[in-house]
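Overview (structure and organization)
For reference, the chains in residue letters:
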Amino acid sequence: MPVTLKDIAAEAGVSPATVSNVVNGVSARVSTGTRERILRIVERHGYVPSAPARSLAAKSSRLVGLLVPAADRDSLTINPHTAGVVGMLERELRRHDYHLMLRGIARPAEVTEALRSWRLDGAVLLGFHDAEIDRLKRRAVGDVVLVAMDTYAENPLALRVRSDDHEGARLAAAHLLGLGHRRIAFAGPESSATGVVRQRHEGFRRAFADAGAAWDEDLRFTVDTTHAAGREAGARIAAAGATAVVATADVLAIGIMEGLAAAGRSVPGDVSVVGYDDADIASYASPKLTTVAQDLRAKSAVTVRLLLDRLAGREAPAAAVTLPVELVRRGTTAPPRAIS
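Remember, it's a predicted structure, so these values are computed and weren't measured experimentally.

1. Section: the overall build of the protein
When you go through the protein residue by residue, the secondary structure sums to 14 helices and 13 strands. Taking 2.2 N^0.38 as the reference for a compact globule, 340 residues should give roughly 20 Å; the C-alpha atoms of the protein span a radius of gyration of 25 Å, well beyond that estimate. In terms of principal-axis extent, the alpha carbons of the protein reach across some 85 × 40 × 35 Å. Taking contacts inside the protein between residues at least 6 apart in sequence as the whole, the part at least 24 apart equals 70%. Looking at the protein as shown, the accessible area adds up to about 16,200 Å², and 51% of this sits on carbon and sulfur atoms.

Next up, the structure:
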């Protein structure tokens, strides 16, 4: 039978409260000798304090939720970018002795349920539409600290962390324009619901304006951010006569590459492709994908720092933090064979 805190107290000849203070690091009023005796007994028995009990004592659960959209109760939306964020956030939180809880959200009411039911200290929102974040009210959020990643929402209840989406897409399009491409497609979700896609589309268009080049609106392909949607879009991009394409995510770009290949087009010989995110799959593709790199480690570190600062009562220097991006040139871009 596992040893209890009361067992440790009886063996040490002290009160359970004294043992609790020592194992939880609150022992300023406990003598050095008593503290060392308690710790020796704890080590000998392999005693591990109860996490719920520690939470109650500290009035903190040390739980941070990562809430992501779910298509339904049985389907969690996890793409390569989200998977990378999960890993980096968990690493950063673990460094500060916090635990990450991943929760899929299939309907708006589940946000309130997740924030309240699990006694979260804080929550990170990832992948939600701006309007969904803007609709959150104080009665739903309570005292939980919120940080929203990759959003252009204006809700003051949530701190925001994002990459420079406008500049990233501008760099991608400028790179292709510099190679001599003019028939450049833009592939990604419909942009009215999410500021991330809207900013990337506007940055893409900005590169054309800077170059004094006209863009064909017929080369805007509205597709979901999935590999399967990319494959389907690749065939349409080939049929449209595009010599290059900028996709709003690496998983979409790789699907497009497969769709282009199925349509008899080579990459980058016939069509150049640029992705976005620099997820691990970008370097696994053949040829390796040219892409706009986000620094997920830095983004996650900033997210955790903002969250913990707010928990500690420190005000953030800004409600929204925008991090730089860079273009990583690999093997999927080249000058066009024939400039239209």
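Moving on from the model shown.
2. Points about the side chain of Asp130
By secondary structure assignment, the location of Asp130 is in helix 7 (residues 130–134). Reaching out from Asp130, the side chain makes a polar contact with the backbone nitrogen of Tyr152 at a distance of 3.3 Å. Those residues in contact with Asp130 that lie beyond four places of it in its chain are Thr151, Tyr152, Ala153, Ala193, Thr194, Gly195 and Arg198.

3. Thoughts on helix 2 (residues 16–23)
For helix 2, the set of buried residues is Thr18, Val19, Val22 and Val23. Taken end-on, helix 2 shows its buried residues confined to a sector of 125 degrees, consistent with a single buried face. On the buried face of helix 2, the contacting elements are helix 1 (5–12) and helix 3 (32–45).

4. Considering the nonpolar core
One finds Ile184, Phe204, Ile237, Val245, Ile256, Leu260 and Val273 to be the most contacted residues of the largest nonpolar core, which totals 45 residues. Broken down by secondary-structure element, the contributors of at least two residues to this core are helix 9 (165–179), strand 7 (184–188), helix 10 (195–211), helix 11 (227–239), strand 9 (244–247), helix 12 (250–262) and strand 10 (272–277). Element by element, the count of residues in this core is highest for helix 12, at seven residues. Sequence-distant contacts of Leu260, defined by excluding residues within four places in its chain, comprise Gly234, Ile237, Ala238, Arg265, Val267, Val271 and Val273.

5. Details of the pairing of strand 12 (residues 320–323)
Across the two faces of strand 12 the burial differs, with Val321 and Leu323 buried and Ala320 and Thr322 not buried at all. In the sheet, strand 6 (residues 158–163) pairs with strand 12 via four bridges, with the strands oriented parallel. Bridge pairing in strand 12 places Arg162 opposite Thr322.

6. Quick look at the packing of helix 2 against helix 3
Where helix 2 meets helix 3, the closest approach of the two axes is 10 Å, and the angle between their N-to-C directions is 80 degrees. In terms of orientation, helix 2 and helix 3 fall into the roughly perpendicular class. Facing Thr18, Val19, Val22 and Val23 of helix 2, the residues of helix 3 in contact are Arg35, Ile38, Leu39 and Val42. Class assignment for the residues of the contact of helix 2 with helix 3 results in six nonpolar, one polar and one charged.

7. Digging into the pattern of salt bridges
Pairing between side chains of opposite charge can happen when their charged atoms approach one another. Inspection of every chain in the model, using the stated rule, returns 20 salt bridges. Between Arg44 and Glu11 there is a salt bridge; the shortest N-O distance is 2.1 Å. A residue pair is termed long-range when its members are at least 10 positions apart, and Arg44 in helix 3 and Glu11 in helix 1 qualify at 33 residues. Judged by its relative accessible area of 53%, Arg44 falls in the exposed class. The exposure class of Glu11 is partly exposed, given its relative accessible area of 40%. Look at the salt bridges and you will find they share partners, linking Arg91, Glu92 and Arg95 into a network.

Here is what the cut-offs are and how they apply
- Residues numbered from 1 in each chain as written.
- Predicted model: local features only at pLDDT ≥ 70, side-chain atom pairs only at ≥ 80, totals over all residues.
- Heavy atoms only, no water.
- Helix = DSSP H or I, 4+ residues; strand = E, 2+ residues; numbered from the N terminus.
- Rg over C-alpha atoms; globule rule 2.2 N^0.38 Å.
- Contact = heavy atoms within 4.5 Å.
- Areas by Shrake-Rupley, 256 points an atom, 1.4 Å probe, with all protein chains shown as cover.
- Polar contact = N/O pair within 3.5 Å; in protein donor to acceptor, adjacent residues only side chain to side chain.
- Buried < 20%, exposed > 50% of the residue type's maximum accessible area, 1.4 Å probe, protein only.
- Arc of directions from axis to C-beta.
- Core = buried A, V, L, I, M, F, W, Y, C linked by side-chain atoms within 4.5 Å.
- Pairing = 2+ DSSP bridges.
- Axes fitted to C-alpha atoms, helices over the stretch in contact; angles between N-to-C directions.
- Parallel < 35°, antiparallel > 145°, perpendicular 65-115°, else oblique.
- Nonpolar A, V, L, I, M, F, W, Y, C, P; charged D, E, K, R; others polar.
- Salt bridge = Lys/Arg side-chain N within 4 Å of Asp/Glu carboxyl O.

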